[in-house]
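# Close look at the chain arrangement
If you want the building blocks of each chain, they are given just below.
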Amino acid sequence: MKNSRFIAVKGIKLVVLGLGFLLLFGSAILVGSKLAMRMGWTPSRTQVLEFNETGSYLSARHAIGQGKMADAQAFFEQGLKHAPENVLLQRGAYQAALLSGAPEEMAKASLRINPQTPAAVPPAMLNAILMASQGKFREANEAMNLYIPQGFHALFAPLMKGWLQAGLQTSAKAFKAPSFAAGKEFSVLMHYHAARLNEFMGHQEEAQQHFDVLLKQAPVLPSRVMEVLLANQLKQSKQKEAQALLDAYAERIPDHYLSLARAATVLPVKDAKEGLAEVLNDISGVFTAMQASEEALIYARLALLLAPDFAEPRYILAGLYERFKQSGDAIDAYAKINPSHPLYIKGQIRSAYLLQGMEKTSDALAVLDKVGKAYGEPYDVLMARADMLRDHKEFEKSAQTYTKALTKIGETKSYHWTIYFARGAAYERAQQWDKAEPDLLKALSLSPSQPEVLNYLGYSWLLLGKNIPQAKAMIERALQLSPRDIQIVDSMGWALYQLGQFEEALVYLEQAADTLPQDATVNEHLGDLYWQLGRQHEAMYLWQRAYDAKEHEAGQKKGLEKKLQEGLPAWEGKVVTHPAQASSLKMSVLP
C-alpha cells in the first residue's frame, strides 16, 4: 500500500502577493466588486429606478465584476451621454477609470465629480498623482492642496505631500521633511518615508535617526523596508551587522529574495516621482493585506505610472490578476518585471504554476528550465521544478531535482525540513524506501513538531508493518498538533486497526469516511474494519465505492476486486498490509 499522506500544492514555495506592507497588516475587509459600497457609492433602489440608464449602470457593474474595465468604462460613458449630470453614473465612470489604469480616462472622469468625492483615490489626490507623473510638481502640489484629509487616506496624505513638496525643491536647505504622526501600526511606514525623504534631500543625519528607529524593529519588517535598511547598513560599512540582520530575517521568512549583494545595489530615491511611487506601492500593499483587491489594483497601477520599472507594484499587480482568475494577464505582468530584480525569478515561478493550472505542464517546465539556465539554477526554481515533476508522477526525477536543490542551501537550517520531507516522499512514491526513510527522519529531526512529517512517517511504517507502536505514537502526536486534519484522523484509525483495537478504530475511520466520501483509501480502510466487525454488507458497499473512485494507485483496483470476490480472512492479530493503495491525497504545507 502506497503512502497517500502527502498533500501536493502547486508550489512548495509560498509566494507572498503583496510585498509592500503585507506582513504588517492582517485585518480583512470585504473584497470583490464591493468598492462602490465601501466608499459610499451605493445607490438606493429609488435612485437606480428613477433614470432610464439602469441598463448601462448594471452592465458596467457586471463588467467590473468580470474584470473587464474597458467595457465598464464604455457602459458608463454610454449612460452619461443620456444623463450627463447623473451623479451615480459619474462616480461609476470614475471608479471604472481608476480600475482601468488609463491616465487620460482617469483625468477625464475626475473632472466630472467634486474633488472631495469619497473614492478609492479622492479626485484631488488623483489629479496630484497625474500631474506628478508628468513632472509638473507645482500643479501637483496645487491639486493636493484641494484635498481635505478624511478617512483612511488621511493617514497617507502627509507622505504624498512630503514627496510632492520635495519635487519642487532645488535646494536641500530650503527643504524640511514634514513630521509624520500616526498610530503604532503605521509607524514603520512613517519612519521609512521620513528616512527616504531626508536621504533624498541630503539630510543624512535626520535620515539616519529614522533608520535607527527602524533598525530596532528589525527583522519584523516588510521586505522592501528590510532591503533598504540592509543597504543603509552596508553604506556605513557594517557588513557583519547587515549579515546578522539578514540571517535573522531568513529565520523568520526562509523564502525571501533578500541578499547582501542585492541590498548593495539599492540606491537612494533618484527623484520625487520614484519616492511618490513608493508611497503608492505601500498603500497597495496595505490594501492587498486587507484583501481589498480593487483598491490594491488601483494603487499598484498608479505606482507604475510614476515608476514603470518598479518591481514591487508590478509583482503585486500580477498577484492581483491571479486573484481575479486572469491567468493570462498575470503571466504578462510577471514577464514585465525587470529581469535584474529577484522578483523576476519569483514571477516566472508563479507563471509556471499558472501554466500548470491551465494544464500546460510542458510549457510550465519549459519556463522553469529557461529561467533556471539564465540564473544559474536558483534553489527556488529547482524546488518548483521538483514539485511539478512530483505532481506529474515522475517521482524519481523529482527526487533527483530535490537533491540538486539541496546543493544550493549551504548550512542546513531548521526550516529546511521541507526539502527533506519533499524528497523523502518522492523516494517513497518511487518505491525507494531505503532512501525515503532517512530523509523523513531528517525532516523530523530538523522540525520535530510538524504534523505532516509525523503522519507521513508513521503511516509509512504502518504500511510496511514495522515500528507499529512508534508509528501509532507519531500519528497520535500529529493528531494533537492538527486535530482537524482528516488524513491524520484516518491514519489514527488505521493504526488502531493494525493493533486489533477495532472499536476504537471505528470512531476515527467513520469520521474520515463521512468527511471524505470520495476518497478510495478512506473507504477501503473503513470497509476492512467493517468486515472484521462482521458488517460484511457494509464492507462490500465501501469496497465498491473505493473501486469506483476516480483515482487509484497501480494495483489497487485488483486488490479491491479480490476483496469484493473473497472478502478478508479473519484477523489473527497480525499486521495487515496491502500491495497498493489509492492516492487521492497530495502534499501540503510545504513552504
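One can find the structure itself at the top, above this paragraph.
The paragraphs below set out a description of the structure included in this document. The shown structure was predicted, so the numbers you read here are calculated from the model rather than taken from an experiment.

## Some words on the pattern of salt bridges
Note on pairing: side chains with opposite charge can pair once their charged atoms come close. Inspection of every chain in the model, using the stated rule, returns 22 salt bridges. Among the salt bridges present, the one from Glu 77 reaches Arg 112, with a minimum N-O distance of 2.8 Å. Here the residue Glu 77 occupies a position in helix H4 (residues 69-82), and Arg 112 occupies one in the loop between helix H6 (103-110) and helix H7 (123-133), the gap between them amounting to 35 residues. Given a relative accessible area of 26%, Arg 112 falls into the partly exposed group. Between Glu 278 and Arg 224 there is a salt bridge, with the nearest N and O atoms lying 2.8 Å from each other. With Glu 278 in helix H15 (residues 272-289) and Arg 224 in helix H12 (residues 223-235), this residue pair connects regions lying 54 residues apart in the sequence.

## Focus: the nonpolar core
Residues Val 121, Met 125 and Leu 280 are the most contacted members of the largest nonpolar core, which totals 123 residues. Broken down by element, the residue count for this core peaks at nine residues, all from helix H16 (residues 293-306). Setting aside residues no more than four positions away along its own chain, Leu 280 makes contact with Ile 129, Met 160, Tyr 299, Leu 302, Ala 303 and Leu 306. Ranked by size, the runner-up nonpolar core spans 64 residues in total, among them Tyr 427, Ala 443, Ala 495 and Leu 506.

## Details of the layout of surface pockets
In this structure, the second largest pocket spans a volume of roughly 600 Å³. What lines the second largest pocket is a set of 23 residues, and nearest its centre among them are Arg 224, Arg 262, Glu 274, Asp 309 and Phe 310. Those elements giving two or more residues to the lining of the second largest pocket turn out to be helix H14 (260-264), H15 and helix H17 (311-323). With three residues, H15 is the largest single contributor of residues to the lining of the second largest pocket. Here the lining of the second largest pocket is composed, by residue class, of nine nonpolar, four polar and ten charged.

## A closer look at the environment of Ser 327
One can find Ser 327 in helix H18 (residues 327-335). When the C-alpha atoms of Ser 327 and Leu 355 are compared, they prove to be 8.2 Å apart, with 28 residues separating the residues in sequence. If near-sequence neighbours (up to four positions away) are discounted, Ser 327 is found in contact with Leu 354 and Met 358.

## Remarks on the side chain of Arg 224
Residue class for Arg 224 comes out buried when judged on its relative accessible area of 9%. If near-sequence neighbours (up to four positions away) are discounted, Arg 224 is found in contact with Tyr 192, Arg 196, Glu 278, Phe 310 and Glu 312.

## Structural notes on H15
Think of an α-helix as 3.6 residues a turn; residues three or four steps apart then line up on the same face. Its 18 residues place the ends of H15 26 Å apart at the C-alpha level, agreeing with the 26 Å of an ideal helix rising 1.5 Å per residue. Burial analysis of H15 places 16 of its 18 residues in the buried class, which makes it a mostly covered element. Measuring from the backbone nitrogen of Lys 273 back to the side-chain oxygen at the start of H15 gives 3.2 Å, which picks out Asp 271 as the cap. Immediately beyond the C-terminal end of H15, within one or two residues, lies Gln 291, with a positive phi of roughly 65 degrees.

## As for unusual backbone geometry
When glycine is set aside, most residues are seen to have a negative phi, and most peptide bonds are trans. A cis amide bond links Ala 218 with the next residue in sequence, Pro 219, at an omega value of 5 degrees. Structurally, Pro 219 can be placed in the loop between helix H11 (204-217) and H12. Positioned with a positive phi, Glu 377 is a non-glycine residue whose angle comes to about 50 degrees. Of note, Glu 377 is situated in the loop between helix H20 (361-374) and helix H21 (379-391).

## Topic: the packing of helix H9 (residues 157-168) against H15
Between H9 and H15, whose axes approach to 8 Å, the crossing angle comes to 175 degrees. The orientation of H9 relative to H15 falls into the category roughly antiparallel. Residues Leu 159, Met 160, Trp 163, Leu 164, Ala 166 and Gly 167 of H9 touch H15, and the partners they reach there are Ala 272, Gly 275, Leu 276, Val 279 and Leu 280. Class assignment of the residues belonging to the contact of H9 with H15 gives a composition of nine nonpolar, two polar and no charged.

## Comments concerning the environment of Gly 67
Its place among the elements puts Gly 67 in the loop between helix H3 (54-65) and H4. The exposure class of Gly 67 is partly exposed, given its relative accessible area of 26%. For the pair formed by Gly 67 and Phe 324, sequence separation is 257 residues and the distance between their alpha carbons is 7.1 Å.

## Considering the packing of aromatic side chains
Under the criterion given, the structure shown has ten aromatic pairs. When the centroid spacing of 5.7 Å and the interplanar angle of 25 degrees are considered together, the rings of Phe 287 and Tyr 299 count as stacked. Of this pair, Phe 287 sits in helix H15 while Tyr 299 is found in helix H16, placing the two residues twelve residues apart along the sequence. Exposure class is identical for Phe 287 and Tyr 299. Each is buried. Ring plane angle 5 degrees and centroid distance 4.6 Å describe the contact between Trp 494 and Tyr 497, whose orientation is recorded as stacked. With Trp 494 and Tyr 497 both in helix H27 (residues 486-498) and three residues apart, this pair spans about one turn of that helix. Tyr 497 shares its class with Trp 494; the two are buried.

Calculation notes
- Residues numbered from 1 in each chain as written.
- Predicted model: local features only at pLDDT ≥ 70, side-chain atom pairs only at ≥ 80, totals over all residues.
- Heavy atoms only, no water.
- Salt bridge = Lys/Arg side-chain N within 4 Å of Asp/Glu carboxyl O.
- Helix = DSSP H or I, 4+ residues; strand = E, 2+ residues; numbered from the N terminus.
- Buried < 20%, exposed > 50% of the residue type's maximum accessible area, 1.4 Å probe, protein only.
- Core = buried A, V, L, I, M, F, W, Y, C linked by side-chain atoms within 4.5 Å.
- Contact = heavy atoms within 4.5 Å.
- 1 Å grid on protein atoms, 1.4 Å probe; cavity = no way out; pocket = protein on both sides within 12 Å on 5 of 7 lines; lining within 4 Å.
- Points joined across faces, edges and corners; volume = space filled by probe spheres on them.
- Nonpolar A, V, L, I, M, F, W, Y, C, P; charged D, E, K, R; others polar.
- Expected span 1.5 Å × (residues − 1).
- Polar contact = N/O pair within 3.5 Å; in protein donor to acceptor, adjacent residues only side chain to side chain.
- Axes fitted to C-alpha atoms, helices over the stretch in contact; angles between N-to-C directions.
- Parallel < 35°, antiparallel > 145°, perpendicular 65-115°, else oblique.
- Phe/Tyr/Trp six-rings, centres within 6.5 Å; stacked < 30°, edge-to-face > 60°.

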